[in-house]
Amino acid sequence: MTMGLVTRPARSTEDGAADLELLRRVAAGDRGAVDDLYQRFRRPAFALARRVLADDVLAEDVLQDVFLGIWRDPGAFDGTRGSVASWLLTMVHHKAVDAVRREESHRRRTARAEDDLALSAPVQTSDVEDDAWERMEAGRVRSALRALPEPQREALTLAYYGGYTQREVAALTGTPLGTVKTRMLAGMRRLKDTLGTGVPGAAGVTPFDGTAR
């Protein structure tokens, strides 16, 4: 994946002066100036974020984060270190790279949690028949889990087998807490219908308990 800054046409002195004026207006509390700055830089900023992330939604999230940061702290710009354009696009690049790292870390955590779920039935005997039975049950759980809709599977594996509370799952997935609880309850019911029992390791835990693990 190429993460270098996108090539863009050279900006004129007039462009640079206009950028500085917009930033001055932002610092003075002019909300409209942020919108003007967004319209001025949206295309190159989105192209850069999209190039790094390969995802339109995540790229838009990065842009929102960057321009919100400019509104909150326009004084972070240092004119001695470059133009407004280079400063802004550098921020876009850094935040896009950070988003890539978060997404990769999130995928790894989810994958580990799914693996833990499949292996959650303990094998406490050397008996060959028992060992075969436990492996078969683990396979059934894995198949049932993967048959769930992605949001339900993600919520269940992170909450019960990844060790995260429901509030943490909500924060990790960017989902409202109430939605996480609903997904977990629906997923538990579907697993129970499929397996004829609850999710292994989840006994005694109510999906609506905000501190459930």
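Residues numbered from 1 in each chain as written. Predicted model: local features only at pLDDT ≥ 70, side-chain atom pairs only at ≥ 80, totals over all residues. Heavy atoms only, no water.

If you check an unreviewed UniProt entry, the protein chain appears there as Sigma-70 family RNA polymerase sigma factor from Modestobacter muralis. UniProt, in its Sequence similarities (unreviewed entry) section for the protein chain, records the words "Belongs to the sigma-70 factor family. ECF subfamily." (UniProt positions renumbered as here; feature names shortened; annotations may be inferred.)

### Observations regarding the overall build of the protein chain
The secondary structure content of the protein chain amounts to eight helices and zero strands. Its helices and strands taken in sequence order, the protein chain reads α-α-α-α-α-α-α-α from the N to the C terminus. Counting the 213 residues in the protein chain, one finds 35% classified as buried. Accessible surface for the protein chain amounts to roughly 12,300 Å². Of this, 50% is attributable to carbon and sulfur atoms. (Helix = DSSP H or I, 4+ residues; strand = E, 2+ residues; numbered from the N terminus. Buried < 20%, exposed > 50% of the residue type's maximum accessible area, 1.4 Å probe, protein only. Areas by Shrake-Rupley, 256 points an atom, 1.4 Å probe, with all protein chains shown as cover.)

### Quick look at helix α7 (residues 166–173)
For α7, every residue scored as buried is listed here: Q166, V169 and A170. Mapping the buried residues of α7 onto a view down its axis gives an arc of 100°, with all of them on the same face. α7 presents R167 and A171 as exposed residues on the side facing more than 90 degrees away from its buried surface. At the exit of α7 stands G174, carrying a positive phi of roughly 65°. (Arc of directions from axis to C-beta.)

### Here's the deal with the pattern of salt bridges
Across all of its chains, the model carries nine salt bridges by this definition. For R42, the salt bridge goes to E60, with nearest N and O atoms at 2.4 Å. Highlighted residues: R42 in helix α2 (residues 31–53) and E60 in helix α3 (residues 56–72), separated in sequence by 18 residues. Note that R101 and D98 form a salt bridge whose closest N and O atoms lie 3.6 Å from each other. (Salt bridge = Lys/Arg side-chain N within 4 Å of Asp/Glu carboxyl O.)

### What about the environment of R42?
Judged by relative accessible area, R42 falls into the partly exposed class, the value being 27%. A sequence separation of 21 residues divides R42 from L63, and the C-alpha atoms of the two residues are 7.8 Å apart. Apart from residues lying up to four places away in sequence, R42 is in contact with E60 and L63. Within the local environment of R42, its side chain forms a polar contact with the side chain of E60, the two groups lying 2.4 Å apart. (Contact = heavy atoms within 4.5 Å. Polar contact = N/O pair within 3.5 Å; in protein donor to acceptor, adjacent residues only side chain to side chain.)

### Looking at unusual backbone geometry
Despite not being glycine, A54 shows a phi value in the positive range, around 55°. Summarising the element assignment, A54 is placed in the loop between α2 and α3.

### Looking at the environment of E150
If you trace the backbone, E150 turns up in helix α6 (residues 150–161). C-alpha separation for the pair E150 and G187, spaced 37 residues apart in sequence, amounts to 9.9 Å. In this structure the side chain of E150 is engaged in a polar contact, spanning 2.3 Å, whose partner is the side chain of R153.

### Topic: the packing of aromatic side chains
Enumeration according to the criterion identifies two aromatic pairs in this entry. Taking the centre distance of 5.1 Å and the plane angle of 75° together, the rings of Y38 and F67 count as edge-to-face. Note that Y38 is positioned in helix α2 and F67 in helix α3, a separation of 29 residues in sequence. Neither Y38 nor F67 differs from the other in exposure class; each is buried. Over the ring of F46 we find R42; its NZ or CZ atom is 5.1 Å from the centre of that ring. (Phe/Tyr/Trp six-rings, centres within 6.5 Å; stacked < 30°, edge-to-face > 60°. Lys NZ or Arg CZ within 6 Å of the ring centre and 35° of its normal.)

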